[in-house]
Amino acid sequence: MRTAITFLALLCSLISFSQSKSAWVSGKVVDENENPVPKVSVVFLGRTAGITTNDSGQFRIKVAAGRSFALVFSSAGFNEVQKNFFLSDAEEEKVTIQMERGIRTLTTVVVGDEKERTETGLVKINPKNAIVLPSTTGGVEGLIKILVGSNNELTSQYSVRGGNYDENLIYINDFEIFRPYLVRSGQQEGLSFINPELANNVNFYTGGFQAKYGDKMSSVLDIQYKKPASFGGSVYVSLLEQGLHLEGATKKGKVSYLVGVRNRSNKNLLKSQETTGSYIPSSTDVQGLITYKLNEKLQFELLGTYSVTKFTLIPESAEKTTSVFSPFFTANLGLDILFEGQERDGYKTNLVGLSIVHNPNKKLKLKWMVSRFQNKENENFDIAGSYLFGDRDFDNTSSTYGQIINPLGAGYYQNYGRNQLDINVYNATLKGSYAAKNHFIQFGNSIEQTNIEDILKEWEYQDSAGYSLPHNPAQLNLFKSINSTADLSIQKYSGFIQDNIRLGGARQNITLQAGVRYNYNSLNREFLLSPRMQVSFRPNWKKDVALKLAAGAYHQPPFYRELRRYDGSLNTQVLAQKSYQVVAGMDFNFKGLGGRPFRLSTEAYYKSMSSVNVYDIDNVKIRYAGNNDAKAYATGIEARIFGELVKDAESWFSIGIMQTKEDLDNDFYYQYKNAAGEIITAKSTDQVAVDSIRNEVGFVRRPTDRLITAGLYLEDYLPTNKNFKFHLNLLYGSNMSYNIPNSVKYRNALIIEPYIRVDAGFSAQLLSEKTKRRSHSPFRSFENIWASFEVFNLIDRRNTISFQLIKDFANNVYSIPNRLTPRLVNFKIVGRF
């Protein structure tokens, strides 16, 4: 009986719910002269459902009663109008909507163009999203991290498909860009090199890219800056960064200019670090592009950039804590450090590039390019720390709460460095293309002179329990000492040729890209030949599907860091790392929520690598072994979905599964046995070894190995007002490995826990509808002004970036996590004119 009553109650509630209350909105749409406007689209905000006005401009639409909603009126040639309503049951409200003519027109959401669908590994990024993305680094790289994952919110660098930061190519207007090399941690970094306000097209290749791109193993970021046709600009101010950009052109369009100035200080981010003290970071850059069109066949472009980053740290103290859980014991371990000394670093980069674009005829295009890139870096640090290590008291009722109550170790260490690096790269390049029927041939050749002057002076002193390490009673030894200089002059020659062939009809076609590139440098006198191929096929199916396949050689010659061994010595005979890659993918366009277009893109890949130069990563510092003594592989699958969960609000989700491992030559260790056949540990001083076992290590995880990465970018807005928006940036990455120095048996054996981070932004449009502003308004020149409130690390999870290794009194080694930033807030105002 009780069950029947419950069922009837549920049934009645469902019936009453289905009989929802409704109301009506009716009226007329007119222009500025009170003339009726026919065929105006009248839709609910955030939806595609709606009606259109008749030839008399009249409409009548059924709406839900008892709740707020908004109607959006739009028509080609008119500015969009939004009106909010709240109606009672059976009520009908009559309105007159006046629309003003403007330059805005209705646009169709394009989920992906044909180039993106046919080129393997290509993801087109909208640079406008970089401005509204809630991220500590921001910029285009912040968007890339959603696609490929991240483990450090303080750096703009990224790892793609098991590669490290040095394996990514970056181009701006076809000029290759280099990053600073001496940076050790993300907190020393300043601005991202790319100014998103200047960017027009951003193409990101995650692998399997064409022969026209350079000799790196992982990814390509290809950016084209704007060529404006009219005056405009933007200005923004936030707690982290400030910027201004201007653009314009002459009346006849012969000359156009684009310039951007930015300044950034991470002081608000760094003041909450585990190490307390005085942080003084600053970063400023200026970028400009001038274009002069002599005639229809000849055009000149001048690109210039200048960036200065300074970082000063005067540390005072640090309190670090970690918890240990095991079947044998559980403990809360703490490390307290008192510092003295300071660090002062400086990084200056500048680029000047001139290109001449010549179009002799409609089929042939030539681009002559010359450039000079300079990078000046210096590190100066002398920091000493006295530490106490042991059990930390977490009983908040105790008088010793937060203190170390059971010391396990104590010591002193000092790090000293005076490092300088000066890199000059001179480049002359010719690129061209020739179109003939179904063929599009591209070719290029480059000559490059690289001069590197390097002074590396570092030493580290360690004292544990009153004994210097390594301990020698007869003398005082340093734990590590590097004293090295380098003066290199390297000539590089590279070039490519490729053909893009289009076969088939409009509904069923095949696109084939085949090419080869060469590379030679005078340092190791190695000649490389890298054939590459891509093919895409659109079958004549009912579903809009494109299939893609790419294969090729991606060899990476050493530049600078790869030459340095762990001990600081230089190996100029290091050869290129060799990589052979296969990528297969599928691209599927479909209609999703509300009939809106979505695109699903999936790719599976495999990389086989030889002559590998193994490395360790500490924060963002990469240290190479300086030898080609390993082999490796990386394999995985990625899937991304792009679309609008809410109308006119872009979102995407990316997930990847990956494994990458390496096998060093002659990486073995011995285990020793006593007379009873028992394994003798290193601490067994009272036993004699009578036998030994040789163990081959084999394949181990690489420092970039991460099984799962996931990223979400989400846009939304209030259902009654598009001027109030919400942006969400979510990142997840499963655990990574971390190397124990000088250990063959336990190489990359430490585990960094999963990286989880959520950043959220709330923005409101403070100023819009420029035509309705009074002539004396101080904001009359602005198109719009937005204000944003951002919450970084919404879940307040302090992720781990590396470990500090500490010895106790019994010479046991403990790993103490170095953690990243907690929850922080930021405020930003952006105005466009």
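What counts and how
Just so you know, the residues in each chain are numbered from 1, in the order the chain's sequence is written. Under the rules for a predicted model, residues below a pLDDT of 70 receive no local features and side-chain atom pairs below 80 are neither given nor counted, while totals for whole chains, interfaces and linings still include all residues. Hydrogens and water molecules were not included; the side-chain quantities draw on all heavy atoms of the structure. Secondary structure follows DSSP: runs of H or I at least 4 residues long count as helices, runs of E at least 2 residues long count as strands, and numbering of each begins at the N terminus. Remark: exposure states derive from per-residue accessible area (1.4 Å probe, protein chains only) relative to the maximum for the residue type, with buried under 20%, exposed over 50%, and partly exposed in between. Any pair of residues with heavy atoms lying within 4.5 Å of one another is described as a contacting pair. All accessible areas in this document rest on Shrake-Rupley with a 1.4 Å probe, and a residue is counted as covered only by the protein chains that are shown. For the purpose of counting charges, residues Lys and Arg are taken to be positive, whereas Asp and Glu are taken to be negative. His and the chain ends are not included. Each charge is placed at NZ for Lys, CZ for Arg, CG for Asp and CD for Glu. In this analysis, strands are considered paired if DSSP registers two or more bridges between them. Axes here mean lines fitted to C-alpha atoms, for a helix over just the part in contact, with angles spanning 0 to 180 degrees between N-to-C directions. The set of buried Ala, Val, Leu, Ile, Met, Phe, Trp, Tyr and Cys residues whose side-chain atoms join them within 4.5 Å is what this entry labels a nonpolar core. Only Phe, Tyr and Trp rings are paired, with Trp represented by its six-membered ring, and only when their centres lie within 6.5 Å; those with planes under 30 degrees apart are stacked, over 60 edge-to-face, the remainder tilted. Note on definitions: salt bridges are taken to be side-chain nitrogens of Lys or Arg within 4 Å of carboxyl oxygens of Asp or Glu.

Caption draft 1: Spotlight on the overall build of the protein chain. Helix and strand counts for the protein chain stand at five helices and 45 strands. Dimensions of the protein chain along its principal axes, counting C-alpha atoms only, are 100 × 85 × 60 Å. For the protein chain, the residues scored as buried account for 51% of the 833 residues in total. In the protein chain, of all internal contacts separated by at least 6 residues, the share reaching a separation of at least 24 is 67%. Counting every atom, the protein chain has about 38800 Å² of accessible surface; 57% of that belongs to carbon and sulfur. In the protein chain, which carries 96 positive and 82 negative side-chain charges, the distance between the mean positions of the two groups comes to 8 Å.

Caption draft 2: The environment of Glu316, seen in detail. Checked against the element boundaries, Glu316 lands in strand E17 (residues 298–325). Considering only alpha carbons, one finds Glu316 and Phe231, 85 residues apart in sequence, at a separation of 50 Å. In contact with Glu316, other than residues within four places in its own chain, are Thr276, Gly277, Ile337, Leu338 and Phe339.

Caption draft 3: Quick peek at the sheet that holds strand E1 (residues 22–30). Spatial ordering of the open sheet is given by E4-E1-E7, a layout of three strands whose pairing is mixed. Both outer strands of the open sheet, strand E4 (58–64) and strand E7 (92–98), are each paired with one neighbouring strand and no more. Along the sheet, successive strands turn relative to each other by an average axial angle of 25°, direction set aside. In the sheet, E1 pairs with E7 via seven bridges, with the strands oriented parallel.

Caption draft 4: Broad picture of the nonpolar core. Ranked by internal contacts, the top residues of the largest apolar core, which has 69 residues, are Phe204, Leu221 and Tyr225. At six residues, the largest contribution of residues to this core is made by helix H4 (residues 139–148). Each residue touching Tyr225, except ones within four places of it in the same chain, is listed here: Ile172, Asn173, Phe193, Ile194, Asn195, Leu198, Ala199, Asn200, Leu258, Gln287, Leu289 and Leu303. In terms of nonpolar packing, the next biggest core, distinct from the first, is built from 20 residues, Val25, Val42, Phe69 and Leu71 among them.

Caption draft 5: Layout of the environment of Tyr292. By the element assignment, Tyr292 lies in strand E16 (residues 275–293). For Tyr292, a relative accessible area of 35% gives the class partly exposed. Sequence-distant contacts of Tyr292, defined by excluding residues within four places in its chain, comprise Lys254, Val255, Leu298, Gln299 and Phe300.

Caption draft 6: How the structure looks around unusual backbone geometry. Phi is positive for Lys39, which is not a glycine, with a value near 55°. Take Lys39: it is sitting in the loop between E1 and strand E2 (41–44). We classify Lys39 as exposed; its relative accessible area is 59%.

Caption draft 7: Quick look at the packing of aromatic side chains. Enumeration over the complete set of coordinates arrives at 31 aromatic pairs. A centroid spacing of 4.8 Å and a plane angle of 35° characterise the contact between Trp652 and Tyr713, whose relative ring orientation is tilted. In this pair, Trp652 is assigned in strand E32 (residues 649–664) and Tyr713 in strand E37 (residues 708–718), connecting sequence segments 61 residues apart. Across the pair, exposure class does not vary: Trp652 and Tyr713 are buried alike. Plain terms: the ring middles of Phe726 and Phe762 are 5.2 Å apart, the flat faces sit at 45° to each other, and that makes the pair tilted.

Caption draft 8: Focus on the pattern of salt bridges. Enumeration over the complete set of coordinates arrives at 32 salt bridges. Here Glu92 ties to Arg60 by a salt bridge, and the two come within 3.2 Å at their closest N and O atoms. Residue Glu92 is located in strand E7, and its partner Arg60 is located in strand E4; the two are separated by 32 residues in the primary sequence. The network of salt bridges with common partners includes Arg161, Glu603, Glu638 and Arg640.

Caption draft 9: Structural view of the pairing of strand E44 (residues 813–819). Judged from the seven bridges that link them, strand E43 (residues 800–807) and E44 form a sheet pairing that is antiparallel. Residue pairing across strands places Ser802 opposite Asn818, the latter belonging to E44. Counted between consecutive antiparallel strands, the loop separating E43 from E44 contains five residues, among which Asn811 sits at a positive phi close to 70°.

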